[in-house]
Amino acid sequence: MKKNKKVGWRLKLATLALSSSVLFSTFDTASAATYTVKSGDSLWKIANQQGVSLQSLMKWNSLSSSTIHVGQKLNLNTTQSSASKPSNTNLVQIAKQQLGVKYTFGGAKPSTGFDCSGYITYVFNNAGISTARKSAAGFYNTAKKVSTPKVGDLVFFANTYKAGISHVGIYIGNNQMINASGSKVNIANVNSAYWKGHFVGYGRL
């Protein structure tokens, strides 16, 4: 009788161990999304193909430069938890890195300058939040409208240089936004006379 009990316990322990092994094996497989570098690849090209920012790809792989070699395995971090997703603090840091870049209508990169929506597109994509290029109205139409803004939310304005939604900035707290307007990327007070007169609301991507 005692022998049978021992066998029973051993069987249960073995089953539990096997279940745990399968469970952890599943987690390992789920978090092991990688890309093997091929001839002709560049880190920028891989980031583009995977729909992530170059900075995020470098961070996930602890790279200090964009140098890679054929056969190297890169972690794509496709199963990152919400806790490890790009933070709004990171987004604002990237936004502030562009302060002083000149305003260029239709511009979407630092080397040529930004317009308001090109600036939003650049900052969000480089913060690891993938978004297609849209106009200010396009961002307004796709954003979730919020009454109480958080840092990193969008601020929308209408009737600035044309009728309807025509300008967008990034809310950085304390009633301030960072945006491409006038002659360059700058920080402005949402409640200043000009912006308050054109204010529409806040949105979240």
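Cut-off values and rules
Here the residue numbers are simple positions, counted from 1 along each chain's written sequence. Since the coordinates come from a predicted model, pLDDT governs what is reported: local features require at least 70, and pairs of side-chain atoms require 80 or more to be given and counted, while whole-chain, interface and lining totals use all residues. With hydrogens and water excluded, all non-hydrogen atoms of the structure serve as input to the side-chain values. Secondary structure elements are taken from DSSP: a helix is a run of H or I of four residues or more, a strand is a run of E of two residues or more, and numbering for both begins at the N terminus. Throughout, exposure labels follow a simple rule: accessible area from a 1.4 Å probe, protein chains only, divided by the maximum for the residue type, with under 20% read as buried, over 50% as exposed, and the rest as partly exposed. Whether two residues touch is decided by their heavy atoms; if any such pair falls within 4.5 Å, the residues are in contact. All accessible-area figures derive from a Shrake-Rupley calculation using a 1.4 Å probe, and residue coverage is judged against the displayed protein chains alone. Paired strands are those between which DSSP finds at least two bridges. Definition used for salt bridges: Asp or Glu carboxyl oxygen within 4 Å of a side-chain nitrogen of Lys or Arg. Put plainly, a pocket is an open set of points on a 1 Å grid over the protein atoms alone with protein on both sides within 12 Å along at least five of seven lines, a cavity is a set where a 1.4 Å probe fits but cannot get out, and a lining residue has an atom within 4 Å of a point. Grid points are joined across faces, edges and corners, and a volume is the space filled by probe spheres set on the points. The classification used treats Ala, Val, Leu, Ile, Met, Phe, Trp, Tyr, Cys and Pro as nonpolar, Asp, Glu, Lys and Arg as charged, and all other residues, Gly among them, as polar.

## Section: the overall build of the protein
Next, step 1: Helix and strand counts for the protein come out as seven helices and ten strands.
Next, step 2: The 205 residues of the protein split such that 36% are buried.
Next, step 3: In the protein, the proportion of contacts linking residues at least 24 apart, taken out of those at least 6 apart, comes to 50%.
Next, step 4: When the accessible surface of the protein is summed, it comes to about 12100 Å², and 56% of that surface belongs to carbon and sulfur atoms.

## Things to note about the pairing of strand S8 (residues 176–181)
Next, step 1: Judged by how many residues are buried, S8 sits mostly within the fold: five of six residues are covered.
Next, step 2: Note: strand S7 (residues 165–173) against S8, three bridges, orientation antiparallel. Each residue of the ladder has a partner; that of Tyr 171, found in S8, is Met 177.
Next, step 3: Joining the antiparallel neighbours S7 and S8 is a turn of two residues, in which Asn 174 adopts a positive phi near 55°.

## Here we look at the pattern of salt bridges
Next, step 1: With the rule as written, the count across this model stands at two salt bridges.
Next, step 2: Here Asp 115 ties to Arg 133 by a salt bridge, and the two come within 3.0 Å at their closest N and O atoms. Placement of the pair is Asp 115 in the loop between strand S4 (113–114) and helix H5 (116–126) and Arg 133 in the loop between H5 and helix H6 (136–142), with a sequence separation of 18 residues.
Next, step 3: Assessed through its relative accessible area of 7%, Asp 115 is described here as buried.
Next, step 4: The exposure class assigned to Arg 133 is partly exposed, which follows from its relative accessible area of 40%.

## Observations regarding the layout of surface pockets
Next, step 1: Quantified by volume, the largest pocket comes out at close to 310 Å³.
Next, step 2: Considering the residues around the largest pocket, the lining is formed by 14 residues, among which Asn 48, Val 52, Ser 53, Asn 125 and Asn 126 are closest to the centre.
Next, step 3: For the lining of the largest pocket, the secondary-structure elements that each account for two or more residues are helix H2 (43–50), helix H3 (54–60) and H5.
Next, step 4: Tallied by class, residues from the lining of the largest pocket come to five nonpolar, nine polar and no charged.

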